[in-house]
Structures are given as C-alpha cells and as structure tokens.
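# A structural walkthrough
Single-letter residue listing:
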Amino acid sequence: MTDNRILSREIRQIGIGESKTYTADFTALLYGLTLSSVTSVTLLSGVGLTLGGGSVNASAVTTDAGTIAIGKGVQFTVSPSGSTSGAAVVKVLAVDSSGGIHRLDCQFYVKA
C-alpha cells in the first residue's frame, strides 16, 4: 500500500453563493495506474465549504491546466457555506487500481 500526497498546483476561486464541480487531478500520483474508488472528500482547513461526495471521473475533463484522462481524477461539488472570504484546503483520498491510497490537498479561495 502506498501513501502518496501532494498539494494541488492551482488555487481555485469560488464566489460566495456559487456552486461548482471541481476535478482533482491525481495523474502525477498514479504512475500509469487509474483510480478505482474515492475514500473521502473533507475540509482540512480554512473557511467553511459545503462539499459533495466524490467520484472517479468517467470521462476526460478539460481544465485550465489541461486534460485529465478517464480514471485519473476525482470530481466533487464545492460551495461556500457562509459569507466569509478566505482560503480553504480540501483533502481528497482515493484508491488506485492496485490498492494504493493517494491524497491530494486541493486549494480554494472564497471571494466576496
């Protein structure tokens, strides 16, 4: 079992009152494997966010940083739970096709 962890490359902005689907890109952690399941999506620190349960991406996703191939990302919904601006970090845990556990800490900034 592996325990790989990285911090996301980008900081995603979300406005108060918005709800967005975010795709956490695990490609750099997988070394040719794919994700098989999502263990958890939880707020680690910062301002309050409401998070939807995660799922492995079933189709390719295009982001500002490029394309995330099928089985290489975790998609979840995120929305601010209050009216406070500030930073937040969301911890995403997922299992790969060989049973390895991977962690990606996703960075968000809530703007008024």
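All of the points below concern the structure found in this document.

Rules used throughout
- Residues numbered from 1 in each chain as written.
- Predicted model: local features only at pLDDT ≥ 70, side-chain atom pairs only at ≥ 80, totals over all residues.
- Heavy atoms only, no water.
- Helix = DSSP H or I, 4+ residues; strand = E, 2+ residues; numbered from the N terminus.
- Contact = heavy atoms within 4.5 Å.
- Areas by Shrake-Rupley, 256 points an atom, 1.4 Å probe, with all protein chains shown as cover.
- Lys, Arg positive; Asp, Glu negative; His and termini not counted.
- Charge placed at Lys NZ, Arg CZ, Asp CG, Glu CD.
- Buried < 20%, exposed > 50% of the residue type's maximum accessible area, 1.4 Å probe, protein only.
- Pairing = 2+ DSSP bridges.

### Observations concerning the overall build of the chain
What the chain contains, in helices and strands, is 1 helix and 10 strands. For the chain, the N- to C-terminal ordering of α and β elements is β-β-α-β-β-β-β-β-β-β-β. Taken along the three principal axes of its C-alpha coordinates, the chain extends 40 × 25 × 20 Å. Once local pairs closer than 6 in sequence are excluded, the contacts in the chain between residues at least 24 apart make up 70%. As presented, the chain carries roughly 5700 Å² of accessible surface, and 51% of it is formed by carbon and sulfur atoms. Counting 8 positive and 7 negative side-chain charges, the chain places the centres of these two groups 3 Å from one another.

### Points about the environment of Gly52
Here Gly52 is to be found in the loop between β4 (49–51) and β5 (55–56). Between the alpha carbons of Gly52 and Ile70 there is a distance of 20 Å; along the sequence they are 18 residues apart. Residues in contact with Gly52, not counting those within four places in the same chain, are Val41, Phe76 and Thr77.

### Description of the pairing of strand β8 (residues 73–80)
For β8, the buried fraction is high: 6 of the 8 residues fall into the buried class. Note that strand β2 (residues 20–25) and β8 share 6 bridges and pair antiparallel. Across the sheet, the residue bridging to Tyr22 is Phe76, located in β8. Note that β4 and β8 share 3 bridges and pair antiparallel. Bridge pairing links Thr50 to Ser79 in β8. Both β5 and β8 contribute to a ladder of 2 bridges, which runs antiparallel. Each residue of the ladder has a partner; that of Ser55, found in β8, is Gln75.

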